[in-house]
Amino acid sequence: MRGDVLNLILGWTLIAFTVPLVICGIITCILDDVSIGLRAFGPAALISLSLGGAMVFFFTRTDSGERLRDVEAFVGVGLVWPISVLIGALPFWLGGVFVGPFTSGAELSDIMTGFVHSWFESMSGFTTTGATVIHASSSPMCDSTTLDCINSQHRGLLLWRSLTQWFGGMGIIMLGMMILSRVLGGGMALARAELTGPSLSRLKPKLRQTATALWGLYVTLTVLEFLLLFFVGQMGWFDAVNHALTTLPTGGFSTHDASIGFYDSVTVEAIVTVFMFLAGVNFTLLWLSRKGSISLLWKDEEFRYYSFYILIAFLLISLTLINTGHGYGESLRDGIFQVVSIATSTGYASADYMPWPVVTHVAFFILMIIGASAGSTGGGLKLLRVSLAFKIAMSELRRIAQPRKVDRIRMNNEVVEDRQIGLIVGMLFVWVILFGGASILLAIMMPDASFESIVSLVASSLGNTGPALGEYGPSNTWVGMENSGLILTSILMWFGRLELLTAVIVLHPHTWRREDKSDGEVQGVAVVKRMLQDKEELNSK
């Protein structure tokens, strides 16, 4: 591992991270109070700038930008998230969203619990999970008589909460590629590491232009949604800004406890549903079809799967609600919104689905696991992997019946290589092991929780969905969990955001072995490179 290169990636990211902290601090001073703005964002901005500057100017070499390899890129991306989450948690902790050192009369145990809550809220934001622990029992800003605890928070801090999801949606590293590509170099290595962001197809001759194009699309859709919510949906400007910031990254943080259900507006729900659906589509595909070429979208096999998948789930949920006595209009309205929200891992809610029939809960659980399209800001296993896994299973069954038949697996009419198939099977196996192990650990930490709650919490965390089932449905926060459970689920959010592969590389012992002085290569890097090459070739399908 080349420490100087890692310091360069992390250092410049932290320096860039200072900018939104300062901007939010200024906005907080204007909208709320000067003392709150300085107290909440001043220390975080100072730490981010000082730490990033020290890493860049004291712990790098003049040629560090030229020494970037895939292994440093992946470890850098993996470590950017917890470091950003830690600094991003400070405004919540110091600004009074949760119990902190400035909370009058708070005991040390309460202050430490407040930090865990702040860490969880920040991780849920940056990983675009959308689960929250803001509640009358956790926030000094509200009590049992407060009707809307989230909306009672300082507006500057609510804006910061939404921005964590907006930056996390397209990826901190993708933004860094656009701004700092000349400094860091090796941009494609960083792009491969940012697995949840846009696919690796170069839309422009240079990677910096590609990142700029995709971020331009991201910003354009965000602004468009804001305008529609404000002018057409008649939503207040502050709420419209925050919901636009949290829809495109499929995050789901709202400015109200009741989420989108607070507005009880068909127009608002329709606008948000459209943008959630778009956020679940491969962003490269959206960019290529920006001139109205719908046929290009439909030619993509994964997009067709995505459309049918949403349609089938919508029909199942709606017909189930109609069959149980709900009105036709209400069933269609609630069904489409909840399906798109959970399938894209956005996590908004317009209705409490826990009283609905159990078949709807099973459907939502499946949607949490599968997620949206590869190359989108949505979470989950992704339809690309699931569809290929299904093709692999069908191919093996056909091989049993016809052993001599040559059956090649294809995606978009291109053959998927055997090593790519092995990578998919391996990643799915890792997901199953992680899901099972985490469920057991969480059950030990939460002995009184129901089975439905445990497995849905793990699925929601790994899929970056937000609302779960059981006691942690859309009308409840996750504040009832013990600190150990909050820490475990926040780690699962990190795994889910990095889609397992980057996290596995960061934790793999070979990654951290010393370099062989004879050739300067890290032991085990060849294995990592092969995994990355396979992943890039698979995404290109």
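Now for a look at the structure at hand. None of these values were measured; they are calculated from a predicted model. (Residues numbered from 1 in each chain as written. Predicted model: local features only at pLDDT ≥ 70, side-chain atom pairs only at ≥ 80, totals over all residues. Heavy atoms only, no water.)

Moving on to the packing of aromatic side chains. A full pass over the atoms with the stated rule returns 26 aromatic pairs. Residues Phe262 and Tyr263 carry aromatic rings whose centres are separated by 5.1 Å and whose planes lie at 90° to one another, so their mutual orientation is edge-to-face. You can call Tyr263 buried: its relative accessible area is 19%. Among the aromatic residues, ring-to-ring pairing joins Trp166, Phe167, Trp215, Tyr218 and Phe283 into one connected group. Here the guanidinium or amino end of Arg155 rests over the ring plane of Phe238, the centre of that ring lying 5.1 Å away. A cation over a ring is seen here: Arg161 above Phe253, with NZ or CZ 3.8 Å from the ring centre. (Phe/Tyr/Trp six-rings, centres within 6.5 Å; stacked < 30°, edge-to-face > 60°. Buried < 20%, exposed > 50% of the residue type's maximum accessible area, 1.4 Å probe, protein only. Lys NZ or Arg CZ within 6 Å of the ring centre and 35° of its normal.)

Moving on to the environment of Trp478. Positionally, Trp478 belongs in the loop between helix H18 (451–462) and helix H19 (483–497). Relative accessible area serves as the criterion here: at 2%, Trp478 is assigned to the buried category. C-alpha separation for the pair Trp478 and Ala468, spaced 10 residues apart in sequence, amounts to 9.3 Å. (Helix = DSSP H or I, 4+ residues; strand = E, 2+ residues; numbered from the N terminus.)

The end-to-end C-alpha distance of H18 is 17 Å, a good match for the 16 Å that 12 residues give at a rise of 1.5 Å each. In terms of residue burial, H18 counts as a mostly covered element, since 10 of its 12 residues are buried. Every buried residue belonging to H18 is among Ser453, Ile454, Val455, Ser456, Leu457, Val458, Ala459, Ser460, Ser461 and Leu462, and all of these are buried. Next to the buried residues of H18 lie helix H15 (358–370), helix H17 (418–445) and H19. Asn464, located one to two residues past H18, shows a positive phi value of around 55°. (Expected span 1.5 Å × (residues − 1). Contact = heavy atoms within 4.5 Å.)

Taken as a whole and judged by the stated rule, the model has one disulfide. For Cys142, the disulfide goes to Cys149, at an S-S distance of 1.9 Å. Grouping residues by exposure puts Cys142 and Cys149 together as buried. (Disulfide = S-S within 2.5 Å.)

Before going further, it helps to spend a moment on the packing of helix H5 (residues 155–170) against helix H9 (residues 237–247). To characterise two packed helices, one gives the angle between the axes of the helices and the distance between these axes. Where H5 contacts H9, the axes come no closer than 7 Å and their chain directions differ by 25°. The angle between H5 and H9 falls in the class roughly parallel. Only Trp237, Phe238, Val241, Asn242, Leu245 and Thr246 of H9 make contact with H5, whose side of the interface consists of Arg155, Leu158, Leu159, Ser162, Leu163, Gln165 and Trp166. Its residues assigned to classes, the contact of H5 with H9 comprises eight nonpolar, four polar and one charged. (Axes fitted to C-alpha atoms, helices over the stretch in contact; angles between N-to-C directions. Parallel < 35°, antiparallel > 145°, perpendicular 65-115°, else oblique. Nonpolar A, V, L, I, M, F, W, Y, C, P; charged D, E, K, R; others polar.)

Helix length check: H15 (13 residues) gives 19 Å between terminal C-alpha atoms against 18 Å at 1.5 Å per residue, within 8%. Looking only at H15, the buried set comprises Thr360, His361, Ala363, Phe364, Leu367, Met368, Ile369 and Ile370. Taken together, the buried residues of H15 touch helix H13 (301–323), helix H14 (328–343), helix H16 (383–401), H17 and H18. Two residues or fewer after H15 comes Gly371, characterised by a positive phi angle close to 80°.

Turning next to the nonpolar core. By size, the foremost hydrophobic cluster in this structure holds 135 residues, and its most contacted members are Trp160, Phe283 and Trp478. Broken down by element, this core gets its largest block of residues, 11 residues, from helix H3 (residues 70–94). For Trp160, the contacting residues outside a window of four places in its chain are Phe17, Pro20, Leu21, Cys24, Phe41, Gly88, Pro91, Phe92 and Phe126. The next biggest cluster of nonpolar side chains, apart from the first, holds five residues, and it includes Phe74, Leu423, Met427 and Ile505. (Core = buried A, V, L, I, M, F, W, Y, C linked by side-chain atoms within 4.5 Å.)

Our focus in this paragraph is the packing of H18 against H19. Here H18 crosses H19 at 40°, and the two axes come no closer than 7 Å. Regarding the angle of H18 to H19, the classification is oblique. Residues Val458, Ser461 and Leu462 of H18 form the contact with H19, whose own contacting residues are Thr489, Leu492, Met493, Phe495 and Gly496. In terms of residue class, the contact of H18 with H19 is made up of five nonpolar, three polar and no charged.

Attention now goes to a nonpolar patch on the surface. Taken together, the side chains of Trp298, Phe308, Leu311, Ile312, Leu315 and Leu319 present a nonpolar region at the surface, about 610 Å² in accessible area. By the secondary structure assignment, Leu311 is in helix H13. (Patch = residues over 30% accessible without salt bridge, like charges linked within 9 Å, V, L, I, M, F, W, Y side chains within 5 Å. Areas by Shrake-Rupley, 256 points an atom, 1.4 Å probe, with all protein chains shown as cover. Salt bridge = Lys/Arg side-chain N within 4 Å of Asp/Glu carboxyl O.)

Backbone geometry places Ser259, a non-glycine residue, at a positive phi of 60°. Summarising the element assignment, Ser259 is placed in the loop between H9 and helix H10 (266–279). Its identity is not glycine, yet Asp264 carries a phi of approximately 45°, on the positive side. Within the secondary structure, Asp264 is located in the loop between H9 and H10. For Asp264, a relative accessible area of 58% corresponds to the exposed category.

The tally for this structure, following the rule as stated, stands at five salt bridges. Between Lys391 and Glu301 there is a salt bridge, with its nearest N and O atoms 2.4 Å apart. With Lys391 in helix H16 and Glu301 in helix H13, this pair connects stretches of sequence that are 90 residues apart. Between Arg399 and Glu396 there is a salt bridge, and its shortest N-O distance comes to 3.5 Å. In this pair, Arg399 and Glu396 are both assigned in helix H16, three residues apart and thus about one turn of the helix distant. The partly exposed category is assigned to Arg399, whose relative accessible area is 42%. Accessibility expressed as a relative area gives 38% for Glu396, which makes it partly exposed. Salt bridges sharing partners connect three or more residues here, namely Asp264, Glu269 and Arg333.

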